[in-house]
Amino acid sequence: MEKPSIIGQGLKGLVLLAVCFAVIYPFVLVIGTSLSTQEEIAAKNGFVLFPSRPTLAAYELIFAGGIVTDALVRSLAITLVGTTVSVTLTVMMAYGLSRRGLLGGGFFLMTALLTMLFTPGIIPTFLVVKELGLLNSYAALILPTAVSAFNLVIMRSFIMNLPTELTEAARLDGAGDLRILWNLVLPLSKGVIAVIGLFYAVGYWNAFFNAMLYVNSDKWPLAMVLRQYVLLGSSLENTTEIGAPSQAIQMAVVVISVVPILCVYPFLQKYFTKGVLTGAIKG
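Residues numbered from 1 in each chain as written. Predicted model: local features only at pLDDT ≥ 70, side-chain atom pairs only at ≥ 80, totals over all residues. Heavy atoms only, no water.

## Things to note about the overall build of the protein
A count of helices and strands for the protein gives 13 helices and 0 strands. The helix and strand sequence of the protein, counted from the amino end, reads α-α-α-α-α-α-α-α-α-α-α-α-α. A buried classification covers 37% of the 283 residues belonging to the protein. For the protein, the proportion of contacts with a sequence separation of at least 24, taken over those separated by at least 6, is 73%. When the accessible surface of the protein is totalled, it reaches about 16,900 Å², and 69% of it is carbon and sulfur. (Helix = DSSP H or I, 4+ residues; strand = E, 2+ residues; numbered from the N terminus. Buried < 20%, exposed > 50% of the residue type's maximum accessible area, 1.4 Å probe, protein only. Contact = heavy atoms within 4.5 Å. Areas by Shrake-Rupley, 256 points an atom, 1.4 Å probe, with all protein chains shown as cover.)

Next up, the structure:
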């Protein structure tokens, strides 16, 4: 309970500034490069922090149509549908496993927890997806990872911590499990649902490995396009039509892939600590 010293406060401030700089500097560098011309990028050896003549040529090329725009639309659709499916399945499974006396509840819970320790290999997973007829379909990007055991444990623990008097009173009034889940559990679980929803959304948005295994290039999400054209250095089609340098286009793709998550996160940040800690206190 001792009051912090001036030196201690100063060191904390320096560490915080260093962390902020380490996080903000690369992002500003990427944005600056995406707004630069070919001459300025060449003069600065590939990266520009503050362009002297900012241009939106790279973004005009991307949003004029083509590979990146289509991939962006696909990623948005996969993220929205996948997050909805995953949150729905996780909440329903967590509610069922939180009920004491559920027949086979311990077996199903242990089966889910084992997936956190023993993950299936690439070949067995591919064979399962193939036998189910999901190859080259968007379902292959959602169903194999629809439920996360980690999110399931958080949700189950939160539901188990809810006062049992509420559910007992609802049952005395004649409410069934679906009505208790819809009218009682869900309104009290908005915080933890927002947390696991963000976990799922970030996972679907950044996932590229399943797309590389299961779908053709005409169904690639944005993360796969990002890997192909930024990490592997492939060139976009018609990149020279409006004079946009390839380096600026690559950095513009990075910005476009990051901005949607940055826009969503501030609205859910207040639920993060509360939702995770509340769901992990007991269980």
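## Some points on helix H5 (residues 105–117)
Here H5 spans 19 Å end to end across 13 residues, near enough to the 18 Å set by a 1.5 Å rise per residue. Looking at the buried positions of H5, the neighbouring elements they touch are helix H4 (67–98) and helix H7 (149–161). (Expected span 1.5 Å × (residues − 1).)

## Focus on the packing of aromatic side chains
Tallying each qualifying case throughout the model produces 4 aromatic pairs. Between the aromatic rings of Phe 21 and Tyr 25, the centroid separation amounts to 5.2 Å while the plane-to-plane angle is 25°, which identifies the pairing as stacked. Here Tyr 25 and Phe 21 lie together in helix H1 (residues 6–34), a separation of 4 residues that amounts to about one turn. Positioned above the aromatic ring of Tyr 138, the side-chain terminus of Lys 219 is 5.4 Å from the ring centre. (Phe/Tyr/Trp six-rings, centres within 6.5 Å; stacked < 30°, edge-to-face > 60°. Lys NZ or Arg CZ within 6 Å of the ring centre and 35° of its normal.)

## Focus: unusual backbone geometry
The residue Asn 136 is not glycine, and still its phi comes out positive at about 60°. With respect to the helices, strands and loops of the structure, Asn 136 is situated in the loop between helix H6 (122–131) and H7. What makes Asn 136 partly exposed here is its relative accessible area of 26%.

## Structural notes on the packing of H4 against helix H10 (residues 190–206)
When two helices pack together, their arrangement is captured by the angle between the axes and the distance separating the axes. Put simply, H4 and H10 touch, their axes get as near as 8 Å, and they point 140° apart. By the angle class used here, H4 and H10 are oblique. Pair H4 / H10 crosses with right-handed handedness. Across the interface between the two elements, Leu 72, Ser 75, Leu 76, Ile 78, Thr 79, Gly 82, Thr 83, Ser 86, Val 87, Thr 90 and Val 91 from H4 touch Ile 193, Ile 196, Gly 197, Tyr 200, Ala 201, Tyr 204 and Trp 205 from H10. (Axes fitted to C-alpha atoms, helices over the stretch in contact; angles between N-to-C directions. Parallel < 35°, antiparallel > 145°, perpendicular 65-115°, else oblique. Left-handed = near helix turned anticlockwise from the far one by under 90°.)

## Examining the pattern of salt bridges
Across all of its chains, the model carries 1 salt bridge by this definition. Ionic pairing is found between Asp 177 and Arg 171, a salt bridge with its closest N-O pair at 2.4 Å. (Salt bridge = Lys/Arg side-chain N within 4 Å of Asp/Glu carboxyl O.)

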